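# Chains, contacts and geometry: an overview
This is what each chain is made of:
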Amino acid sequence: TAALGAPAIVFGGNEALKSRWLERIAGGGTKATVGILEEDGQLGPEHVKTTAVKSSEGYVLNGKKFFVPDLAAADIAVIAARTGEGEDCVTLFLVETGAFGVSIEENRLTDSTSRSGQLVLKDVRVGHDSVLGTPDQGWEVVDRVLLVANVGIAAGSVAAAERVLRQAVAYARE
């Protein structure tokens, strides 16, 4: 939530989306994630197959996102979907995971701490106000989110390594 979903809203959300969701995420009442990977597992706008077709009320999303982190606990997901013919024509949408047409399939992995899953979108309707960033330029937000997430993951890894080192030194001194 802190490393992926919230930064996507910070970097791409309009003021209404920010005021609606960020305080809830910060308070722990809402969990957010991002769905950017498709079945091929490749990262980049050219690999996005999930579609978003414009309608009078907004967009209709169809597709499947794979390895969505913390999906089992997420209330909202930022979804990357193709909105045009060009390779980079990807738009980000904020989708409530309980919305009509959204289903979740849990990933069965040997690591029981991983709560990733697959998010299936079948004729999911979202309003124009659910767009994060500029239509057809959503991958710019994804790049920024991944940069922040990588820094956060690195910091967490360093902290964990420092703790293990302290424990190992304490054990060696016993």
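Procedures and definitions
- Residues numbered from 1 in each chain as written.
- Predicted model: local features only at pLDDT ≥ 70, side-chain atom pairs only at ≥ 80, totals over all residues.
- Heavy atoms only, no water.
- Buried < 20%, exposed > 50% of the residue type's maximum accessible area, 1.4 Å probe, protein only.
- Helix = DSSP H or I, 4+ residues; strand = E, 2+ residues; numbered from the N terminus.
- Pairing = 2+ DSSP bridges.
- Salt bridge = Lys/Arg side-chain N within 4 Å of Asp/Glu carboxyl O.
- Phe/Tyr/Trp six-rings, centres within 6.5 Å; stacked < 30°, edge-to-face > 60°.
- Lys NZ or Arg CZ within 6 Å of the ring centre and 35° of its normal.
- Core = buried A, V, L, I, M, F, W, Y, C linked by side-chain atoms within 4.5 Å.
- Contact = heavy atoms within 4.5 Å.
- Axes fitted to C-alpha atoms, helices over the stretch in contact; angles between N-to-C directions.
- Parallel < 35°, antiparallel > 145°, perpendicular 65-115°, else oblique.
- Left-handed = near helix turned anticlockwise from the far one by under 90°.
- Nonpolar A, V, L, I, M, F, W, Y, C, P; charged D, E, K, R; others polar.

Here the focus is the pairing of strand S1 (residues 32-35). Burial of the side chains of S1 extends over both faces: Ala32 and Val34 are buried on one face and Thr33 and Gly35 on the other. Direction of pairing for S1 relative to strand S4 (residues 76-82): parallel, over a ladder of 4 bridges. Residue pairing across strands places Val34 opposite Val78, the latter belonging to S4.

A side chain of one charge can pair with a side chain of the opposite charge if their charged atoms are brought near each other. Evaluated as defined, the whole model comprises 4 salt bridges. Two residues, Glu38 and Lys65, come together in a salt bridge whose shortest N-O distance is 2.5 Å. You can see Glu38 sitting in the loop between S1 and strand S2 (51-54) and its partner Lys65 sitting in strand S3 (residues 58-68), a full 27 residues away along the chain. Of the two residues, Glu38 and Lys65, both sit in the buried class.

As a further point, take the packing of aromatic side chains. What the rule picks out here adds up to 1 aromatic pair. On the basis of an interplanar angle of 65 degrees and a centroid distance of 4.8 Å, the ring pair of Tyr59 and Phe93 is categorised as edge-to-face. Of this pair, Tyr59 sits in strand S3 while Phe93 is found in strand S5 (residues 90-96), placing the two residues 34 residues apart along the sequence. The exposure class assigned to Tyr59 is buried, which follows from its relative accessible area of 7%. Above the plane of the ring of Trp21 lies Arg24, whose end atom (NZ or CZ) is 4.9 Å from the centre. Cation over ring: Arg144 sits above Phe11, and NZ or CZ is 4.0 Å from the ring centre.

With that settled, the discussion passes to the nonpolar core. If you look at the biggest cluster of nonpolar residues, it comprises 23 residues, and the most contacted ones within it are Trp21, Ile25, Ile76, Ala80, Leu92 and Trp139. Sorting the residues of this core by element identifies helix H1 (5-12), helix H2 (15-26), S1, S4, S5 and helix H3 (139-173) as the ones contributing at least two each. When residues of this core are assigned to their parent elements, the largest contribution, 5 residues, is made by H3. Ignoring any residue separated from it by four or fewer positions in sequence, one finds Trp21 in contact with Ile9, Thr30, Ile76, Leu94 and Glu96. Formed by 16 residues, the second largest nonpolar core is a distinct cluster that contains Ala52, Val102, Leu121 and Val124.

Another aspect to go through is the packing of H1 against H3. Between H1 and H3, the shortest axis-to-axis distance is 9 Å and the interhelical angle comes to 135 degrees. What the angle tells us is that H1 and H3 run oblique. The interaxial crossing formed by H1 with H3 has right-handed handedness. When H1 is examined against H3, the residues Pro7, Ala8, Phe11 and Gly12 are found in contact with a partner set consisting of Val141, Arg144, Val145 and Val148. Looking at the contact of H1 with H3 residue by residue, the class counts come to 6 nonpolar, 1 polar and 1 charged.

Now for the environment of Leu4. Secondary-structure assignment places Leu4 in the segment before H1. The exposure class of Leu4 is buried, given its relative accessible area of 19%. When the C-alpha positions of Leu4 and Ala77 are compared, they lie 9.7 Å apart, and in sequence the two are 73 residues distant. For Leu4, the contacting residues outside a window of four places in its chain are Val34, Pro69, Val145 and Ala149.

Before going further, it helps to spend a moment on H1. Buried residues dominate H1, accounting for 6 of its 8 residues. On the buried face of H1, the contacting elements are H2, S1, S4, S5, strand S8 (131-132) and H3.

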